[in-house]
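# Topology and contacts: notes
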Amino acid sequence: MLRRAFQATKRIVSDLWYDITSSVDSSLLGSARFLGLLYGPIDRSLRINEALRKSLKYRLAPHVGWRHAPGGITYLLFMVLVVTGVLLALFYRPSVEEAYPSLQHIVSVRPFGWLIRDVHHWAANLIVIALLAHMARVFFEAAYKPPRETNWMIGLLLLAVVLAFGSTGYLLPWDQSSYWTVTEVMHAIGHIPVVGRGLADRIMGDVIPSGATLSRFFALHVIVLPWIAFALLGYHFTLVRRRGIAPPMEQPEEQPRWRGSGLFRPEDLPEDGVPFFPNHMLRSFIVGVLTLAVTLTLAILFPRAFSAAADPYLIPPALVSTWVPVDVSLALIRLAGSWGLVLFGLLGVSLLIVPIVDRGPERRLTKRPVVAALGIAFFVGYVALFAAGRIMGTVPPSASIGGGMEELPFEPTRPETPLPELDLTPPAPSGEPVPGGVR
Amino acid sequence: MIPGTVHTLMLVATVAGSSPAAAAPAHRTQQLMPADSTYGCVICHADKRRAFQQGVHAERGITCDACHGGDPSQVEVAPAHRGRFVGAPGKLETLRLCSTCHADPDQMRQFGLSADQLAEFRTSRHGQLLITQGNMDAPTCTDCHDAHLIRPSTDARSNTHPTNIPATCGRCHDDAALMGKYGLPSDQLARYREGAHGVAVFQDRNFAAPTCTGCHGSHAALPPGIAQVTDVCGRCHLTLERAFAAGPHGRAAAVSIERGCLGCHSNHGTERVAPDAIADLCASCHGAESQMVVLGGEIQEQVQRAEEDLTLATEAIEEMAAEGHPVEDERFRYVAAFTAFQQLAEVQHSLSLEELEDLGRQVRSNTSIIRSTAEARAEERWEHKLLLIPLWFLALSGIAFASFKLRELGR
């Protein structure tokens, strides 16, 4: 009985699968066509149907597998950020007076506002991790070597854009935590020797984070940076298609095939490749579903706590950072001082220069000791510093100026027990010591 | 003020034994000042020069000879020390010199100062010792105010600024050997610093809180008697005094059966009684078996309950605020509850259980509304987590389907 039911289900599923696969070859766009969208001049002149079918048939080299997933995850998280960001922008108001209440409104009144906000927050954190994982794969597999060196540069620019997205977005909730973390980041920039202080003031538009800072960070976050990101992403993906995916490490680069257009020609297809549809499509589906599920789970279980509305006059006794790079820079400043921050920054910049210098055909990691050392120093250092910053990092350095300012609670005690000893020595009486002097 | 003036002038005459008319006039025109290089006194007494260029007297153009006599226009010792030269005055002489101006309402009026310091000083323990017994341990004007560098009490560097007064008094009253001679304790300063008033002055910079002089008086310094303590405290703690007077303790204090405020609070320490120590405090006088301890226990229960309600309400508000819910209404309710709690702290001095229960109910009704709102929010949060079930069901079945298919393709 049970077996028959199982067999029947299996048959239905495999029929369904057959329907899907068979409809792909002939007309994946069947439903769109059914609605009349792709008939006529649009389809004839743009050949959308043909392009789609070609790309579905595209064969990827057999070594392309799960370790290539972080790049896709990064893009998926970027799209998640775009969608949730647009939804948040519908209700968010970028002004000192209204930013915090508008966020309270989003979280407590709007249906699923709490979810949208926390997914945005968690995706912003996960995208940094996914991006670094993608970058590490490309770096250690020597995928940055010619002819793909331009794409490595674009990738680093995209990293900078993502970090800029995070630093500007961090201020927008305008609560104590975000206000003082941005103050910390600005302090970190101020630690850069010589130019730091002036640079920080230019970024803030004021000497402390204020309404001017909020306005320009909002403009950067929702207008300027998205355009830059979309342009760079378009270029990044185009180059991936034109230059192809890097061969495995053991295998030297074959003659680059300079294609005239972004579309592949059937004669370029690797004979032993795995077709994008359905194999890679299914893998992407698995990775995508997992990414979304993890992001949603983190958002549901660990929402970012609201602190009080931002108050420039009140330094919080402790700050808990909620963004990865903040922990990293905090650990750097604490452990290595301002020059340490600069040196680590230079290490990051050296990764930019690596593809210019390192152009040889050698792809094995053991034959590239300098590059391997640089890469390990940066990526392992980043992870270690993140952990260190997480552990040490609750009180920001600037909070030390408020050391004596936090309120000591007045403890009521019983009449016979003395109050805890407080250092309340009053200033020494001024003037010359009098008694005796006059007598 | 006029009869007082005559009285003061007479006092000055008796103290100093000389005529007030003999004192140097305070104001001169076209006179040399200690800052001038040709001013005679500072040629030798250079150490006093800086001290006397600042402070209220230097600002008013009062020069060395106003108190010390002599002739500042001379540059040699003998002619400069001629005339009504005083030199370093003794303690009684100092009192006379200061009073020449400070006991004269006509001179003090322009500065908005009272002229009753000498009259007050005579009534103080300090004055009694110095003037009538000639005891040189007792302070004179310059011991508290400095001799040359006298600053207004609004100046934070002044000996008489609120934050410096305890140290000024402590110069003598912190000296165990000196106080031992008169059978006085010397721990007042330490206890004051740790007490509610000391914390208010030194830590919160709340200068409305009293320093030594707030309760003892400054020039007329004397410890208040047992019968006067309630009035002294009641000068600031008005509502507490009223509640206290209405209760059985107040009635007993009025006929000097017990020690007023000092029955439960200490004088220099001014500690608050911890809410969980109320009944024990009652037992310390009434005995543990007494009916009064039962009442004390009931009062303690009311206070503790109200305090606990407030703590729970604070936690509930913080929890809601951390989730991003607007909590203005809840904070408003909290203020209402806190007001009732403060009244409760006041009313407990009357030992009226009925009033206490009424205020306790007000605290409870307000805080329970806050807490029920927070509970509703917590329930919502729990419901949010239920979303994980369909989410992972869909995700896992999708992944299972895809990986099943992938394996099939791989074969």
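Residues numbered from 1 in each chain as written. Chains lettered and ligands numbered in written order. Predicted model: local features only at pLDDT ≥ 70, side-chain atom pairs only at ≥ 80, totals over all residues. Heavy atoms only, no water.

### What to know about the overall build of chain B
Of regular secondary structure, chain B possesses 24 helices and zero strands. Residues counted as buried form 37% of the 411 residues belonging to chain B. For chain B, contacts bridging at least 24 residues in sequence account for 56% of all contacts bridging at least 6. Of the roughly 22,600 Å² of accessible surface on chain B, a fraction of 58% belongs to carbon and sulfur atoms. (Helix = DSSP H or I, 4+ residues; strand = E, 2+ residues; numbered from the N terminus. Buried < 20%, exposed > 50% of the residue type's maximum accessible area, 1.4 Å probe, protein only. Contact = heavy atoms within 4.5 Å. Areas by Shrake-Rupley, 256 points an atom, 1.4 Å probe, with all protein chains shown as cover.)

### A short note on the overall build of chain A
Along the backbone of chain A there are 14 helices and two strands. Each of the 439 residues in chain A was classed as buried or not, and the buried ones make up 42%. Pairs at least 24 residues apart make up 80% of the contacts formed inside chain A by residues separated by at least 6 positions. Per element, the accessible surface of chain A, about 23,700 Å² overall, is 69% carbon and sulfur.

### Looking at the interface of chain A and chain B
Buried accessible area, meaning the area lost when the parts come together, often serves as the stated size of an interface. Counting from both sides, the interface comprises 47 residues of chain A and, opposite them, 57 residues of chain B. Taken together, the two surfaces of chain A and chain B that pack against each other cover about 4,700 Å², and 69% of this comes from carbon and sulfur. The tally of links between chain A and chain B comes to three residue pairs in polar contact (both at pLDDT 80 or more). Within the residue set of the side of chain A that touches chain B, elements represented by two or more residues are α1 (2–27), α6 (99–108), α7 (113–140) and α12 (276–301) of chain A. (Buried area = accessible area lost by both parts, 1.4 Å probe. Polar contact = N/O pair within 3.5 Å; in protein donor to acceptor, adjacent residues only side chain to side chain.)

### Focus: a nonpolar patch on the surface
A contiguous nonpolar surface patch, about 640 Å² in accessible area, is contributed by Leu343(A), Leu346(A), Val349(A), Leu352(A), Ile353(A), Ile356(A) and Val357(A). Relative to the elements of secondary structure, Ile353(A) occurs in helix α13 (residues 324–357). (Patch = residues over 30% accessible without salt bridge, like charges linked within 9 Å, V, L, I, M, F, W, Y side chains within 5 Å. Salt bridge = Lys/Arg side-chain N within 4 Å of Asp/Glu carboxyl O.)

### A word on the packing of α12(A) against helix α24 (residues 388–410) of chain B
One can describe the packing of α12(A) onto α24(B) by two numbers: an axis separation of 9 Å at closest approach and a directional angle of 160 degrees. Taken together, the axes of α12(A) and α24(B) lie roughly antiparallel to each other. Between α12(A) and α24(B) the crossing geometry is left-handed. (Axes fitted to C-alpha atoms, helices over the stretch in contact; angles between N-to-C directions. Parallel < 35°, antiparallel > 145°, perpendicular 65-115°, else oblique. Left-handed = near helix turned anticlockwise from the far one by under 90°.)

### A short note on helix α22 (residues 328–347) of chain B
Residue and element names in this part refer to chain B. Given a rise of 1.5 Å per residue, 20 residues ought to cover 28 Å, and the 29 Å separating the end C-alpha atoms of α22 matches this to within 8%. Among the residues making up α22, those that are buried are Glu330, Ala337, Ala340, Phe341, Leu344 and Val347. Projected down its long axis, α22 carries its buried residues within an arc of 120 degrees, all on one side. The exposed set on the far side of α22, more than 90 degrees from its buried face, consists of Glu328 and Phe332. (Expected span 1.5 Å × (residues − 1). Arc of directions from axis to C-beta.)

### Re the packing of aromatic side chains
Residues and elements named next belong to chain A. Taken as a whole, this structure holds 20 aromatic pairs over all chains when the rule is applied. Put simply, the rings of Phe139, Phe140, Tyr144, Trp152, Phe344, Phe378, Phe379 and Tyr382 pair up and form one aromatic cluster. Here Arg283 stacks its cationic end above the ring of Trp66, 5.5 Å away from the centre of that ring. One Lys or Arg, Arg304, reaches over the ring of Tyr170 and ends 5.7 Å from the middle of that ring. (Phe/Tyr/Trp six-rings, centres within 6.5 Å; stacked < 30°, edge-to-face > 60°. Lys NZ or Arg CZ within 6 Å of the ring centre and 35° of its normal.)

### Some details on unusual backbone geometry
Residue Phe277(A) is joined to Pro278(A) through a cis peptide bond whose omega torsion reads 5 degrees. Note that Pro278(A) resides in helix α12. Even without glycine at this site, Asp146(B) takes up a positive phi of about 70 degrees. Along the chain, the position of Asp146(B) falls in the loop between α11 (141–145) and α12 (165–173).

### Here we look at the environment of Val138(A)
All names here are of chain A. Residue placement: Val138 occurs in helix α7. A sequence separation of 14 residues divides Val138 from Trp152, and the C-alpha atoms of the two residues are 8.2 Å apart. Residues in contact with Val138, not counting those within four places in the same chain, are Ala143, Tyr144 and Trp152.

### Some words on the confidence of the model for chain A
Residues and elements named next belong to chain A. On average, residues of chain A score 78 in pLDDT, and 78% of them are at 70 or above. Taken element by element, chain A is modelled with least confidence in helix α2 (residues 30–34), mean pLDDT 57, and with most confidence in helix α5 (residues 69–89), mean pLDDT 96. Long-range and interchain partners of residues 395–439, a stretch whose pLDDT sits below 50, account for 73 contacts in this model, where long-range means more than four residues apart. (pLDDT = per-residue confidence, 0-100.)

### Points about the packing of α5(A) against helix α11 (residues 211–243) of chain A
All names here are of chain A. Where α5 contacts α11, the axes come no closer than 13 Å and their chain directions differ by 155 degrees. In terms of axis orientation, α5 runs roughly antiparallel to α11. The chirality of how α5 crosses α11 is left-handed. Residues Tyr75, Phe78 and Val82 of α5 form the contact with α11, whose participating residues are Ala229, Phe230, Leu233 and Phe237. When grouped by side-chain class, the residues that make up the contact of α5 with α11 number seven nonpolar, no polar and no charged. (Nonpolar A, V, L, I, M, F, W, Y, C, P; charged D, E, K, R; others polar.)

### Focus: the nonpolar core
Where a protein is soluble and globular, its nonpolar side chains tend to be buried together. Tyr92(A), Met135(A), Phe139(A), Trp152(A), Phe378(A) and Tyr382(A) are the most contacted members of the largest nonpolar core, which totals 84 residues. Once residues within four sequence positions are removed from consideration, Trp152(A) is found in contact with Met135(A), Val138(A), Phe139(A), Tyr144(A), Leu351(A), Leu352(A) and Pro355(A). One finds Ile299(B), Val303(B), Leu310(B) and Ala337(B) within the second-largest nonpolar core, a separate group that totals 16 residues. (Core = buried A, V, L, I, M, F, W, Y, C linked by side-chain atoms within 4.5 Å.)

### Some points on the side chain of Asn135(B)
Relative to the elements of secondary structure, Asn135(B) occurs in the loop between α10 (125–132) and α11. Not counting the four nearest positions on each side in its chain, Asn135(B) is found in contact with Leu129(B), Leu130(B) and Tyr182(B).

### Some points on the confidence of the model for chain B
All names here are of chain B. Looking at chain B, the pLDDT average stands at 85 and 91% of residues meet or exceed 70. This stretch, residues 1–29, has a pLDDT under 50; its non-local contacts, to residues over four places away or in other chains, come to 32 contacts. Note on the complex model: pTM 0.69, ipTM 0.74.

### Quick notes on a negative patch on the surface
All names here are of chain B. A cluster of acidic residues, Glu298, Glu301, Glu354, Glu355, Glu357 and Asp358, forms a negative patch on the protein surface. Broken down by secondary-structure element, the contributors of at least two residues to the negative patch are α21 (291–322) and α23 (353–386). Among the elements that make up the negative patch, the one with the highest residue count is α23 (four residues). Accessibility expressed as a relative area gives 46% for Glu301, which makes it partly exposed. (Lys, Arg positive; Asp, Glu negative; His and termini not counted. Charge placed at Lys NZ, Arg CZ, Asp CG, Glu CD.)

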